[in-house]
Amino acid sequence: KAMKRSFKTRYHILIAILFGIIVLQTLILLFSVAQAQDLATLASDIHSIVIIFVFLIFVYIVILYNYIPYRLHKAIYEVEQLIEEISSGNYQIDIDSSIYDQDKDFQELVNALNKMLEIITRFDQAKAEKIFEHHQRLQLLINLLPQSILITGANGDVVYCNEPLRKRFPMISETVNLNELIWKNDYYSRIFSVIMDSLRYGNNIYDVIVEDVVYLGKVRINGSVVRNRKGISTGAVYVLEFYNSER
């Protein structure tokens, strides 16, 4: 498909047409002067030609004056919309560059945006793959630990728990909230009361011991609250180490 003329080329053509009209007027005036039989006829012809061409030039300039800003604004607005979509994080825009082939210069800009989007998309995919791999490594590492590991959100939602914790507390999974669970005995209730207090007040806990007076077991709890850049708590990570008969 042949490339259509750019806005700049069209502008040059429109100006050339204006000069063409002026040249045509001049040629007609010269022709009238050469063919004139008397002064009165010449004056009448010149008067008519001038009026006609002044009117034509006026109409043409008015059209030109409105056409150029309209075409320029339309092309810029469409590109602005694309850039706003990209800046808002929408990288899945399907840009049909053929829509902009009415202007070679703007189509080149749109093609450059397309290439940029392809690079950003590839980068995002590579970043997502790296994050997934990193997440998998962390999960495998946590599962290899003998201690029970619990990762929660600020409201008590379970984000992740490793195998030792799952075996000891089968009711805990990534689909539950700690506030909604009912514990089978007072020992477990006191363990998670420590964790919920930590989440509620946003406090880290260090070497907190909870003892099981029935089976003479105990657990050591350590936990760190996770905060965002504004310092607001978004969750926490807890390590539970069981001893004696509960181990």
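Residues numbered from 1 in each chain as written. Predicted model: local features only at pLDDT ≥ 70, side-chain atom pairs only at ≥ 80, totals over all residues. Heavy atoms only, no water.

Looking at this structure, I do not really get the overall build of the protein. What am I missing?
Within the protein, the regular secondary structure consists of five helices and five strands. For the protein, the N- to C-terminal ordering of α and β elements is α-α-α-β-β-α-α-β-β-β. For the protein, the C-alpha radius of gyration of 39 Å lies well beyond 18 Å, the compact-globule estimate for 247 residues. Principal-axis analysis of the C-alpha atoms gives the protein an extent of 130 × 35 × 25 Å. Residue burial in the protein is summarised as follows: out of 247 residues, 31% are buried. Contacts spanning at least 24 positions in sequence make up 45% of the contacts within the protein whose residues lie at least 6 apart. Total accessible area computed for the protein in this model is approximately 16500 Å², and 61% of it derives from carbon and sulfur atoms. (Helix = DSSP H or I, 4+ residues; strand = E, 2+ residues; numbered from the N terminus. Rg over C-alpha atoms; globule rule 2.2 N^0.38 Å. Buried < 20%, exposed > 50% of the residue type's maximum accessible area, 1.4 Å probe, protein only. Contact = heavy atoms within 4.5 Å. Areas by Shrake-Rupley, 256 points an atom, 1.4 Å probe, with all protein chains shown as cover.)

I would appreciate a short explanation of the pairing of strand S3 (residues 205-212) in the present structure.
Within a regular strand, the side chains alternate between the two sheet faces. The sheet contact formed by S3 and strand S4 (residues 217-227) spans six bridges and is antiparallel. Residue pairing in the sheet places Val-208 in a bridge with Ile-221 of S4. Following S3, the chain reverses through four residues before pairing antiparallel with S4; Leu-216 in that reversal takes a positive phi of roughly 60 degrees. (Pairing = 2+ DSSP bridges.)

So what exactly am I meant to see when it comes to unusual backbone geometry here?
Glycine aside, negative phi is the norm for most residues, and most peptide bonds take the trans geometry. With phi around 50 degrees, Asp-207 is a residue other than glycine that occupies positive phi space. Its relative accessible area of 45% is what places Asp-207 among the partly exposed residues.

When you look at the pairing of S4 in this model, what are you seeing that I'm missing?
In this sheet, strand S5 (residues 233-243) lies alongside S4 in antiparallel orientation, the contact comprising 10 bridges. Of the residues in S5, the one forming a bridge with Ser-224 is Val-237. If you look at the hairpin formed by S4 and S5, you'll find five residues sitting between the two strands, and Gly-231 has a positive phi there, around 85 degrees.

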